[in-house]
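Structural overview
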Number of protein chains: 2
Amino acid sequence: MRKTKVVKVKNLKIGGGNPIRIKGMLKSPTSKKSLLLQEAKALQREGAELLRVAVQSEKDTKLAQFLRKSISIPIAADIHFKPKLALLAIKDGFDQIRLNPLNITRKKDIKEIAKFAAEKKVPIRVGVNSGGFKGRLTPLGIARQMVDKCADYIKILESQKFFDIIVSLKSADIESTLAANKEFSQNFNYPLHLGITASGPRLEGVVKSSQGLGILLNSGIGDLIRVSLTADSLLEIQVSKHILRFLNLRKFGPEIISCPTCSRCQVDLVKIVNILEARLKRLELKKPVRAAVMGCVVNGPGEASQADLGVAFSKKRGAVFKKGKVLHWSTPSKAIDDLIREVKKDGF
Amino acid sequence: MRKTKVVKVKNLKIGGGNPIRIKGMLKSPTSKKSLLLQEAKALQREGAELLRVAVQSEKDTKLAQFLRKSISIPIAADIHFKPKLALLAIKDGFDQIRLNPLNITRKKDIKEIAKFAAEKKVPIRVGVNSGGFKGRLTPLGIARQMVDKCADYIKILESQKFFDIIVSLKSADIESTLAANKEFSQNFNYPLHLGITASGPRLEGVVKSSQGLGILLNSGIGDLIRVSLTADSLLEIQVSKHILRFLNLRKFGPEIISCPTCSRCQVDLVKIVNILEARLKRLELKKPVRAAVMGCVVNGPGEASQADLGVAFSKKRGAVFKKGKVLHWSTPSKAIDDLIREVKKDGF
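Calculation notes
Residues numbered from 1 in each chain as written. Chains lettered and ligands numbered in written order. Predicted model: local features only at pLDDT ≥ 70, side-chain atom pairs only at ≥ 80, totals over all residues. Heavy atoms only, no water. Contact = heavy atoms within 4.5 Å. Buried area = accessible area lost by both parts, 1.4 Å probe. Salt bridge = Lys/Arg side-chain N within 4 Å of Asp/Glu carboxyl O. Polar contact = N/O pair within 3.5 Å; in protein donor to acceptor, adjacent residues only side chain to side chain. Helix = DSSP H or I, 4+ residues; strand = E, 2+ residues; numbered from the N terminus. Nonpolar A, V, L, I, M, F, W, Y, C, P; charged D, E, K, R; others polar. Least-squares fit on C-alpha atoms with pLDDT ≥ 70 in both. Pairing = 2+ DSSP bridges. Expected span 1.5 Å × (residues − 1). Buried < 20%, exposed > 50% of the residue type's maximum accessible area, 1.4 Å probe, protein only. Phe/Tyr/Trp six-rings, centres within 6.5 Å; stacked < 30°, edge-to-face > 60°. Lys NZ or Arg CZ within 6 Å of the ring centre and 35° of its normal. Core = buried A, V, L, I, M, F, W, Y, C linked by side-chain atoms within 4.5 Å. Axes fitted to C-alpha atoms, helices over the stretch in contact; angles between N-to-C directions. Parallel < 35°, antiparallel > 145°, perpendicular 65-115°, else oblique. Left-handed = near helix turned anticlockwise from the far one by under 90°. Disulfide = S-S within 2.5 Å. Domains from an automatic or database assignment. Right-handed = clockwise from strand over helix to strand, strands pointing away.

What follows concerns the interface of chain A and chain B. At the junction of the two partners, chain A supplies 88 residues and chain B supplies 88 residues. Of the roughly 6,600 Å² buried between chain A and chain B on both sides combined, carbon and sulfur atoms contribute 57%. One can count 4 salt bridges joining chain A with chain B. The salt bridge partner of Arg264 of chain A is Asp78 of chain B, with a shortest N-O separation of 3.1 Å. At the boundary of chain A with chain B, the tally comes to 36 residue pairs in polar contact (both at pLDDT 80 or more). Listing elements by their share of the side of chain A that touches chain B, those giving two or more residues are β4 (50-54), α6 (174-187), α7 (202-218), α8 (233-246), β11 (255-258), α9 (269-282), β12 (290-294) and α10 (300-306) of chain A. For the side of chain A that touches chain B, the class distribution of residues is 37 nonpolar, 31 polar and 20 charged.

In this section: the relation of the copies chain A and chain B. Aligned on chain B, chain A shows an RMSD of 0.1 Å; the corresponding rotation is 180° and the shift along the axis is 0.0 Å. Such a combination of turn and shift is consistent with a two-fold rotation axis. Of all interface residues in chain A, 100% are interface residues in chain B too; the two copies therefore contact each other through one and the same surface.

Moving on to the sheet that holds strand β10 (residues 224-225) of chain B. All names here are of chain B. With respect to topology, 8 strands assemble into a closed barrel ordered β3-β4-β5-β6-β7-β8-β9-β10, the strand pairing being parallel. With 6 bridges joining them, strand β7 (residues 124-129) and strand β8 (residues 165-170) adopt parallel strand pairing. Bridge pairing in β8 links Asn129 to Lys170.

We now examine helix α1 (residues 33-46) of chain A. Residue and element names in this part refer to chain A. Compared with the 20 Å implied by 1.5 Å per residue over 14 residues, the 20 Å span of α1 between its first and last C-alpha is a close match. Considered for burial, the residues of α1 that qualify are Leu36, Leu37, Glu39, Ala40, Ala42, Leu43 and Glu46. The elements touched by buried residues of α1 are β3 (21-25), β4, α2 (63-68), α8 and α9. At the C-terminal side of α1, Gly47 shows a positive phi close to 130°.

A word on the packing of aromatic side chains. Residue and element names in this part refer to chain A. A full pass over the atoms with the stated rule returns 2 aromatic pairs over all chains. An angle of 10° between the planes, with centres 4.6 Å apart, marks the rings of Phe184 and Phe188 as stacked. A cation over an aromatic ring shows up here: Lys33 above the ring of Phe66, its NZ or CZ 4.8 Å from the ring centre.

The subject of this paragraph is the nonpolar core. Soluble globular proteins tend to bury their nonpolar side chains together. Membership of the largest hydrophobic core comes to 157 residues, with the highest contact counts inside it found for Ile97 of chain A together with Ile97 of chain B. If we skip the residues at most four places from it in the chain, Ile97 of chain A touches Ala77, Ile79, Ala86, Ala89, Ile90, Ile113, Val122, Pro123, Ile124 and Arg125 of chain A. One finds Cys265, Ala292, Val311 and Ala335 of chain A within the second-largest nonpolar core, a separate group that totals 28 residues.

Residues and elements named next belong to chain A. If you check α9, its first and last C-alpha atoms are 20 Å apart, about what 14 residues at 1.5 Å a residue would give, namely 20 Å. Packed against the buried residues of α9 are β11, β12, β13 (309-314) and α11 (332-345). Where α9 terminates, the next one or two residues include Glu284, which has phi positive at roughly 45°.

Residue and element names in this part refer to chain A. As summarised here, the arrangement of the 5 strands in space is β11-β12-β13-β14-β15, forming an open sheet in which the pairing is mixed. The open sheet has two free edges, formed respectively by β11 and β15 (325-330), since each of these has just one partner strand. For this sheet, the mean angle separating the axes of adjacent strands, direction not counted, is 20°. Judged from the 4 bridges that link them, β11 and β12 form a sheet pairing that is parallel. Among the inter-strand pairings, Glu255 is bridged to a residue of β12, identified as Arg290. In this fold α11 packs onto β12, β13, β14 (317-322) and β15, with an angle of close to 165° to the strand it touches most, β13.

Further remarks concern the packing of α6 of chain A against α7 of chain A. Residue and element names in this part refer to chain A. For the pair α6 and α7, interaxial distance at closest approach is 10 Å and the crossing angle is 25°. Considering the angle they form, α6 stands roughly parallel to α7. Considering only the axes of α6 and α7, their crossing is right-handed. For the pair formed by α6 and α7, the contact residues are Ile174, Thr177, Leu178, Asn181 and Lys182 on the first element and Lys208, Gln211, Gly212, Ile215 and Leu216 on the second. Among the residues making up the contact of α6 with α7, the classes are represented as 4 nonpolar, 4 polar and 2 charged.

Our next topic: the state of the cysteines. Residue and element names in this part refer to chain B. In total, this model carries 0 disulfides over all chains according to the counting rule given. Of all cysteine sulfurs, the one in Cys259 lies closest to Cys265, which takes part in no disulfide; the gap is 5.4 Å. Accessibility expressed as a relative area gives 13% for Cys265, which makes it buried. Cys262 provides the cysteine sulfur closest to Cys296, a residue in no disulfide bond, and the two sulfurs are 5.9 Å apart. Its relative accessible area of 13% is what places Cys296 among the buried residues.

The subject of this paragraph is the domain arrangement of chain A. Split by domain assignment, chain A resolves into domain 1 (7-246) and domain 2 (255-345). A C-alpha centroid distance of 39 Å is found between domain 1 of chain A and domain 2 of chain A.

Next up on the list: the pattern of salt bridges. Tallying each qualifying case throughout the model produces 46 salt bridges over all chains. Where Arg144 of chain B meets Glu183 of chain B, a salt bridge forms, and the shortest distance between an N and an O atom there is 2.9 Å. Highlighted residues: Arg144 of chain B in helix α5 (residues 139-159) and Glu183 of chain B in helix α6 (residues 174-187), separated in sequence by 39 residues. Here Arg144 of chain B falls in the partly exposed class, since its relative accessible area comes to 37%. When salt bridges that share partners are traced, they join Arg52, Asp78, Arg98 and Arg125 of chain A together with Arg264 of chain B into one network.

Moving on to the packing of α9 of chain A against α11 of chain A. All names here are of chain A. One way to put it is that α9 packs onto α11 with a least axis distance of 10 Å and a crossing angle of 25°. Judged on the interaxial angle alone, α11 and α9 are roughly parallel. α11 is crossed by α9, and the crossing has right-handed handedness. Where α9 approaches α11, its residues Ile272, Ile275, Leu276, Arg279 and Leu280 are matched on the opposing element by Pro332, Ile336, Asp337, Leu339, Ile340 and Val343.

Residues and elements named next belong to chain B. In terms of burial, β7 is a largely internal element, 6 of the 6 residues being buried. Because side chains alternate across β7, one face comprises the buried residues Ile124, Val126 and Val128, and the other comprises Arg125, Gly127 and Asn129, equally buried. Assessed by its sense of winding, the connection that carries the chain from strand β6 (residues 96-99) through helix α4 (residues 107-120) to β7 is right-handed.

Given below as structure tokens:
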């Protein structure tokens, strides 16, 4: 695990061995205030620890104060093209700003922003995306250019004694995302915000993000993740949590182990799992619980006994396990009630 | 990339630098013949290159011949507990059998099966799953046991001069799956069939499989993948293809690059992307095409110009790109037609 400098965004510590953070993004139009607020609250409730808003106008810079009344997590302004908006966003209370080295490029502007951000203790994310380059480039060519652009930008910020920097190097393909982040992490110790950008339709986006972020995180690279999907913003947080949880980097709520079902399975396992998942979620558990729901006697008893709780079906009946031991026998219709009862009893 | 021995299942070469193969699994009950046949055909059409059937009875061993009439890909029998079924499955025409070292354990039986499989040129998958072990073990403890069980089994097969072996080491958690497969690949050169087993509800399963298989494949380990989801068997094939495609290991059909949409986006991008995806799929393209659909001017023109085709929206209009150049301007309602027309024109 690569240990970076710690950058504090409001009260959220990023990097340096802190838990890998989850960032969410508001997708509602900034003109629709009530929708925006509703989305922000839902994202915070779902587990977002930092929130990004697109700031495109002077009006948008007022959003930090507006959102601050209802949410407690830090709020970041995503700024492109207009240096003036960066200064206003800092003045108007955003906890972080993001600058894009490909469209805010004048040294004079960057230095002015760095100076003001230092004064107000507002960290800057230097964020480059593959989409900022035009023309048909190779993946490694894109990676090369992304790292170079960031390195140049960082030099300018550092020349102003500004070091509260977070960096993101995002591409629509895994190869260039991996190459850019690996190279950056070998040469700098600023925290990395990871993401696969423009990841495609929902299912493709989940696969691509899980692979790309999974590979980087598993090699010790990454301090914050932002999963981007062409889909609902809440799903992005759910996927983020799954990515971190399955790599044992964070713990969140219940985990369900369930088999793919096959010709051996004689119960409606997909239905049972979906109901169990919804009911476990509603319990808002404090401790992570691992529950197994398995469809046959080949791997069922094993998985069920390895989990905190589990049921292993054989034909129409199922053995209910708790911490490795069979409690009693159940049926498909009763199994969920049985598991939920045991979860409650144990105070998870 | 680790180069293994090549094992041939019917006419499908696995390992040794051949393309990473995609395996599908029949989930319909084997008693429901017409459902089973329909599922097998659909899986082959979707892209499965090998098909697994659970063989639990003497009746089930007749399924190879039954399915063979309608599908051309090799068919594998998944066998547990009963050595006799392994012999029958080979006799009755299955192209591969899977043995579980945790439940077919008598040396005499294993040797008899190996001898007969060698005679009939039927390869054996030695497949161990974490669910086969009972009790509460650590991830590395499970990995250790899985590799040991396989190693012992392989010794017995090799003692009979049987070398057409494929191995799978699957666990419900990523840590033990990675550890087991890494260790195995350092010590043996038999092809590895990769999978995360009992991966949980649909979304969790997609994330966990993409991460686990992504990390292994990216490190050069793995010759065939079987994605297991508590969901429809066709989805398993779709996810498999995405996993391989995004790592540039295989090429399949169209790839869509699309942004997550944010407050900057003023068109219904999710809808546009979903319709485009469905229409591209229906075209059954011969060449892989990469199409970008982007919601704003920040990264839109870049991604659109890097793709084969693309549209980058700004407010309500979008620039249609082809191979890096703007063709013309379009609208949300016309953009899909425009892209599809260009795809057809280019004969993708």
